[in-house]
Amino acid sequence: MGKHNNRPPRQHKRANPIYSATPTASNTNNNKTNENEPEEEQVSSNLNHLLKDQIVPILKKIQSEKADERSWASAAVSSLVLDPSSRIQLLKGNITQILVTRLSIEPDLSVRVDLAGCLANLALFGGGEDVALDLVRKGAVAAVLNQLTNVYTVVEQVKLESQAGTAAAPVVGGGDAKKLKKQQISVFEERKNTLALFEQCVSVLWALCDVGSSKEAFDLASSDIRITELLLAGIDFADVEFEGAANKVSLAIACAQCLVTLTEENPTLQKYTSNPTLTPRIQTLHQISTNQYLPPAFQPSPNNSKVENLVFKTTHFRILATAILTNLSSTTTAHVATATAHVLTSQSIQQICKDVVHASQNCLVAAANSTAAGGSSSAAAPELTTAGERALDAANTYLSAVQVGLEILANAYSEDYVEKAGGDNGGEEDEEWGDDDDAMEDGEEGDDASAFDQMMEDEELAAQMAAESGGAGAPGMEAQEGSASRDLEDRVSVIERLGLIELILSVGGAGTGSGIETVTQESPFYSFVELLNSVRIRAFGCLQNILTCLSGTPWYSAGNTNVVERIWGLLFDAANNGAAASGGGAINVVETIEAAVSAIWALARGVDEFKGASKKIVLTPSLAQINNLIATTTTLPSATETLQLKCISTLGLLAKSETPPETNATIGPFLLSVINNDQIPIQVISEALNAIYDVYADAAFKYDRPVFVQGGFLKVLKSAYPKLKVRVKALDKRRFREVRDRADEAMLNLGAFIRYKEGEAAGKN
C-alpha cells in the first residue's frame, strides 16, 4: 500500500492552461480591446449542425490560397473537434497532418494563431491519448517548438522596445493622422497576435506532454535546450507593460503550467536550469513564490482592470512558481507547506461550490433551436452567459491552484519515505516459499511445522529491536540519523503550526450541502465537478503521505490522543461527504472512497507502529465506522481490489489493538467470512488471513478465547484450507507472480497456524 504516488499524475485531470471558460476557436477572437478592430467571423457551437455536412469543404479551405478562408476554416474545425461524431470524420480526413503541416508553412500570423488554437482544442479536448499521440507522431511537437522559437525573437524585441520607451511609435511621413492611426492599429494587432500565438503554442505543448500522457512528446520537448528559456521568457514577459499585451496573465500562467509539467522528475531539463543566464529568472520565481514580488501584469491597476478573476489567477500563478522551484529542488518543505496553506486559506471551496451551483441555475441561456433554421427539432445544449463564464473561470482557476499545491505538498512529505517490509511488493523474501503447496496435504511437514513459530519469533525480535533502538549505532550513521531526525521534527512542527491536516480535510469533504451533486454532465459547469473530484482525491492522497511521514514520531503518542481521534472521525466524515458530493456515477464515488480509506489506513498504521515509551493511543472506532469498512469491502459496487485490501488491512489493525471487546467481536467474524467468500479476490483473502494470524496469534492474547475459540474459528479455517489451496494453485505464476507468491505464503502460514492452534487446544504449546 505505502505512500500515495503522484507519478504518473495524468490519471486525474489538471486544469486547462487556456484560461477561457469554454474551448474556443481562438482566444484572440474573444479579446476585443479596441473598438476600431474589425469584427472577426466566429464559429458558434449553434452552427455545428450546419457545419457537419461541410467537413470536406472545410478541410479544403484550410489549405486555401486566401488567408481569410484558412482562418475561417481553422475556427470551424476548432468548434467541430469538440463534437465526437464530427471529430471522427475530421480524423478520417487526416486533420492532424493537415494542421501540423499548415502551422509549419502558414505565412499569415493571425491564421497561425487560429491554427495553433485549433491544435490546442484538438490536443486538449479532441479524443484523449490516441489523438495526442497521433499529433506527436505527425510532428506537432517540432512544429510548435519552431513557432515558439520564431515568436521568441519578436517577443524579446517588443520587450526591449517597451523597456526603452519606444514601443508602438510608428513614424509616418506627411503628418497623415488617419494613416498613423491605421499603422498603430496594425502594430497593436501584430503584437496581440504574437503573444496569442506564443500562448497557444505553449498550450499545445503542455497538452501533448501532460494531458496526452505522451512520453514521446515529453522527451522531444525536454531534448530541446531552448525550451526552458522560452517558457521562462513567457513568464518573465508579465513584467513588461506595452500596448497590445492584454493576454500577458494567461500567457505567464500557461508557460508556468507547462514548465511545471516538464520539470517534474526530469533531470535533463533540471540540468538546463542551472545555466547562469537563467539565474535571474529563477530568482524572480523565488520572489513570486514567497510573496516578495508580483509582476505588473498581476497587480491591481487601471491597465489590468479588464483582466477577469485576477485575484484567483494570481493565487494560481504563485503556487505554480512554487511548484517549479520544488521540481528544481530549490525550496524547502516549510516553504511548500506555507505556500499550500496560503492557497487553501485564501478562498472557501465550500463557498465556491455554492457559487457554481448558483451560476449553473441562473447563468445559462437556452441555445438557439435548430428548428428555427429548418433543421432538426432537437435543442442544442445550454450556453453560458458572460457572468456564467466568469464564475466558471474563477472556480476552475482556484481549484487548479489547490490541486497544484496538494501535489507538491504530497511530494514534500513522501521523498524520504521508505517502503517497509511486508508492504505491497512481496519482495525477495516471498521467493523462499517456493512450491510447497502440498506440504500439509501430503504430510511432508518440512519447514511448515515451524513456519508459524518462526514468524512469531521474527515479530518478537522486531519488537525487541524497536524497544532497544536507543542504543549506539555505527559511528558514521549517527550524524546522518540526527540530521534526518531534525528534518522530520521540522516537518511535524510545520504540520501542527499551519494546521495542515485540518485544512486538507476541508478539501476532502468540500461540496457537502452545496448542491454540487445536482450539476449534471450535460451542464457547461460539469468541468468544475470533474476537477473538484480530482482535487478531493488529491487531498486524501496528500493526507496519506503526511500521516505516513508522521509514523514513528511523538505525533502518534498518547499525549496527542485527542488530535488523532478527532482526525480519525474527520476522515470518515470527509470520506462520506466527498463520496456523496462526487456525482457522475459509481467510478467517482469509488475513487473518492478509496483515496479516503488510504488515508484512514495510514492513520491506523501510524498508531499501531508507534513504539515510544509513553502509552500508545487506542483508537475507538464506532460501530458505524467499522460497518462502513466492512460494507465497502463486500457490497460496494465496483470496489477495486486495492480498496478491499486497504479496508481489510485497516480492520486488522483495529482488531489487534486494545479496542473494546465488541470491536474485535465484529471484525473477527467478518475476517473469517472473507476467506470463505468465493467472490472475494485471492489477494484480499491473503490479507484477511494475515490479519487473523496477527490478531489471534497466541492463546494469551486478549481476544483469543472469547472470539477465536468460542467462535469456532479453528474449525472454519481447517474446512476452508482445501478449497483455498485449489484457488491458489489455479493462479498462473507467470501472469500473477506477486499475488501468487503472497497467496503461497499465506497458505503455508495457514497450515502452520492450524497446527499451532491445535497444539494450543491440546495444551501442548
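Residues numbered from 1 in each chain as written. Predicted model: local features only at pLDDT ≥ 70, side-chain atom pairs only at ≥ 80, totals over all residues. Heavy atoms only, no water.

### Section: the overall build of the protein
Helices and strands together make up the secondary structure of the protein, namely 32 helices and 2 strands. For the protein, restricting intrachain contacts to residue pairs at least 6 apart in sequence, the fraction spanning at least 24 positions comes to 80%. (Helix = DSSP H or I, 4+ residues; strand = E, 2+ residues; numbered from the N terminus. Contact = heavy atoms within 4.5 Å.)

### Re the packing of aromatic side chains
By the definition in use, this model includes 9 aromatic pairs. When the centroid spacing of 5.6 Å and the interplanar angle of 35° are considered together, the rings of Tyr 696 and Phe 708 count as tilted. Placement of Tyr 696 in the loop between helix 29 (682-695) and helix 30 (704-709) and of Phe 708 in helix 30 is noted, with a sequence separation of 12 residues between them. Accessibility assignment for this pair places Tyr 696 and Phe 708 in one class, buried. With a centroid separation of 5.8 Å and 90° between ring planes, the pair formed by Phe 708 and Phe 753 is classed as edge-to-face. In this pair, Phe 708 is assigned in helix 30 and Phe 753 in helix 32 (residues 737-761), connecting sequence segments 45 residues apart. The exposure class assigned to Phe 753 is buried, which follows from its relative accessible area of 0%. An aromatic cluster of three or more residues is present, and its members are Tyr 693, Tyr 696, Phe 708, Phe 713 and Phe 753. The ring of Phe 708 carries the charged tip of Lys 757 above its face, separated from the ring centre by 4.7 Å. (Phe/Tyr/Trp six-rings, centres within 6.5 Å; stacked < 30°, edge-to-face > 60°. Buried < 20%, exposed > 50% of the residue type's maximum accessible area, 1.4 Å probe, protein only. Lys NZ or Arg CZ within 6 Å of the ring centre and 35° of its normal.)

### Comments concerning the confidence of the model for the protein
With 75% of its residues at a pLDDT of 70 or more, the protein has an overall mean of 79. Within the model, pLDDT remains below 50 along residues 7-50, and this stretch shows 117 contacts once partners closer than five positions in the same chain are excluded. The low-confidence segment residues 416-446, where pLDDT is below 50, has 45 contacts with residues more than four positions distant or belonging to other chains. (pLDDT = per-residue confidence, 0-100.)

### What to know about the pattern of salt bridges
Tallied over the entire structure, the rule returns 24 salt bridges. The partner of Lys 138 in a salt bridge is Asp 134, with the nearest N and O atoms 3.3 Å apart. Judged by relative accessible area, which is 24%, Lys 138 ranks as partly exposed. With a relative accessible area of 26%, Asp 134 lands in the partly exposed category. One network of salt bridges, in which partners are shared, links Arg 70, Arg 102 and Glu 106. (Salt bridge = Lys/Arg side-chain N within 4 Å of Asp/Glu carboxyl O.)

### A closer look at unusual backbone geometry
Among all residues save glycine, negative phi is the norm, and among peptide bonds the norm is trans. Within the chain, Glu 265 stands out as a residue other than glycine whose phi angle is a positive 50°. Take Glu 265: it is sitting in the loop between helix 12 (248-263) and helix 13 (267-272). Residue Glu 265 is classed as exposed on the basis of its relative accessible area of 58%. Phi at Asn 291 takes a positive value of approximately 65°, unusual for a residue other than glycine. Along the chain, Asn 291 falls in the loop between helix 14 (279-289) and helix 15 (310-327). Residue classification places Asn 291 among the partly exposed residues on the basis of a relative accessible area of 45%.

### Here we look at the packing of helix 29 against helix 31 (residues 713-729)
Interaxial distance between helix 29 and helix 31 falls to 12 Å at its minimum, and their mutual angle equals 145°. By crossing handedness, the relation of helix 29 to helix 31 is classed as left-handed. On the side of helix 29, the interface is formed by Ile 682, Ile 685 and Leu 689, while helix 31 contributes Leu 717, Leu 724, Arg 727 and Val 728. Split into classes, the residues belonging to the contact of helix 29 with helix 31 amount to 6 nonpolar, no polar and 1 charged. (Axes fitted to C-alpha atoms, helices over the stretch in contact; angles between N-to-C directions. Left-handed = near helix turned anticlockwise from the far one by under 90°. Nonpolar A, V, L, I, M, F, W, Y, C, P; charged D, E, K, R; others polar.)

### Topic: the nonpolar core
Core analysis: the biggest nonpolar cluster contains 220 residues, and Leu 205, Leu 208, Leu 262, Phe 298, Ile 501, Phe 528 and Leu 571 have the highest contact counts within it. Per-element accounting of this core gives the leading share, 14 residues, to helix 23 (residues 526-549). Other than its neighbours up to four places away in sequence, Leu 262 contacts Leu 205, Cys 209, Phe 218, Ala 221, Ser 222, Ile 227, Leu 231 and Leu 269. (Core = buried A, V, L, I, M, F, W, Y, C linked by side-chain atoms within 4.5 Å.)

### Concerning the environment of Val 590
Assignment of secondary structure puts Val 590 in helix 25 (residues 586-609). Separated by 50 residues in sequence, Val 590 and Thr 640 have C-alpha atoms that sit 8.0 Å apart. Ignoring any residue separated from it by four or fewer positions in sequence, one finds Val 590 in contact with Leu 636, Pro 637, Ser 638, Ala 639, Thr 640 and Leu 643.

### Quick notes on helix 10 (residues 215-222)
Buried residues of helix 10: Ala 217, Phe 218, Ala 221 and Ser 222, and no others. Down the axis of helix 10, the smallest arc covering the buried residues is 125°, so these residues share one side. (Arc of directions from axis to C-beta.)

### What to know about the packing of helix 11 (residues 227-236) against helix 14
Between helix 11 and helix 14, the least distance of the axes is 11 Å, while the angle of their chain directions is 50°. The angle between helix 11 and helix 14 falls in the class oblique. Classified by chirality, the crossing of helix 14 by helix 11 is left-handed. Packed against helix 11, whose contacting residues are Glu 229, Leu 232, Ala 233, Ile 235 and Asp 236, the element helix 14 presents Arg 281, Ile 282 and Leu 285 at the interface. (Parallel < 35°, antiparallel > 145°, perpendicular 65-115°, else oblique.)

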